[in-house]
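Chain by chain, the residues:
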Amino acid sequence: MQVVIISLICSGLLLCACSSKSSDDNFKEGKWSITTKTEIEGSTALIPARTSEHCLSAEDRIPMRHDSQSGCTLLKQRVEGDTVSWQYECAVSKGEGNVTFSGESLSGKMHMQMNALSITSTMTGEYIGPCE
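A brief report on the enclosed structure follows. Remember, it's a predicted structure, so these values are computed and weren't measured experimentally. (Residues numbered from 1 in each chain as written. Predicted model: local features only at pLDDT ≥ 70, side-chain atom pairs only at ≥ 80, totals over all residues. Heavy atoms only, no water.)

Things to note about the state of the cysteines
Then comes step 1: Under the counting rule described, the total for this entry stands at 2 disulfides.
Then comes step 2: The disulfide partner of C55 is C131, and the S-S distance across this bridge is 1.7 Å. The disulfide joining C55 to C131 has a torsion of about 120 degrees about its S-S bond and is therefore right-handed. Of the two residues, C55 is situated in strand 2 (residues 50–56) and C131 in the segment after strand 7 (117–129); the sequence distance between them amounts to 76 residues.
Then comes step 3: What connects to what in the protein, once the bonded cysteines are numbered by sequence position, is 1-4, 2-3. (Disulfide = S-S within 2.5 Å. Helix = DSSP H or I, 4+ residues; strand = E, 2+ residues; numbered from the N terminus.)

Comments concerning the side chain of T36
Then comes step 1: Mapping T36 onto the fold places it in strand 1 (residues 30–40).
Then comes step 2: Non-local contacts of T36, meaning those with residues more than four positions away in its chain, are made with A49, R50, S121, T122 and M123. (Contact = heavy atoms within 4.5 Å.)

Things to note about the side chain of H54
Then comes step 1: You can see H54 is positioned in strand 2.
Then comes step 2: A residue is classified by how much of its surface remains accessible, and H54, at 16% relative accessible area, is buried.
Then comes step 3: Separated by 3.1 Å, the side chains of H54 and S52 make a polar contact.
Then comes step 4: Excluding anything up to four places from it in sequence, H54 contacts G30, K31, W32, I34, P63 and M64. (Buried < 20%, exposed > 50% of the residue type's maximum accessible area, 1.4 Å probe, protein only. Polar contact = N/O pair within 3.5 Å; in protein donor to acceptor, adjacent residues only side chain to side chain.)

Below you can see the structure in the form of structure tokens.
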């Protein structure tokens, strides 16, 4: 009898966990156009904003290349609600960032340390459609 009761309790908890509203409902999987504005601390140089496209998925919501071809390694990633945060290390830099999704738009910041330079990038983006 105890086994049946424990099984029913576990089944009920699993059903509640599966049927509850996901905390990341504002993330939309697909292709995103992301504009990045970059500033170098202590510099007056104007760096033009750059727009690029990224295919984001539920498994990879980070809008930057972090694979063997880019020379960057993802050290840590955390998803909390509509926000994903990460830490990374590249051959010549390291940093951290976060992005918050709001339906078909996103906003975020990334901080990078490259030798003696401290670089901050601000990102805004919009959903384009499905990935090809």
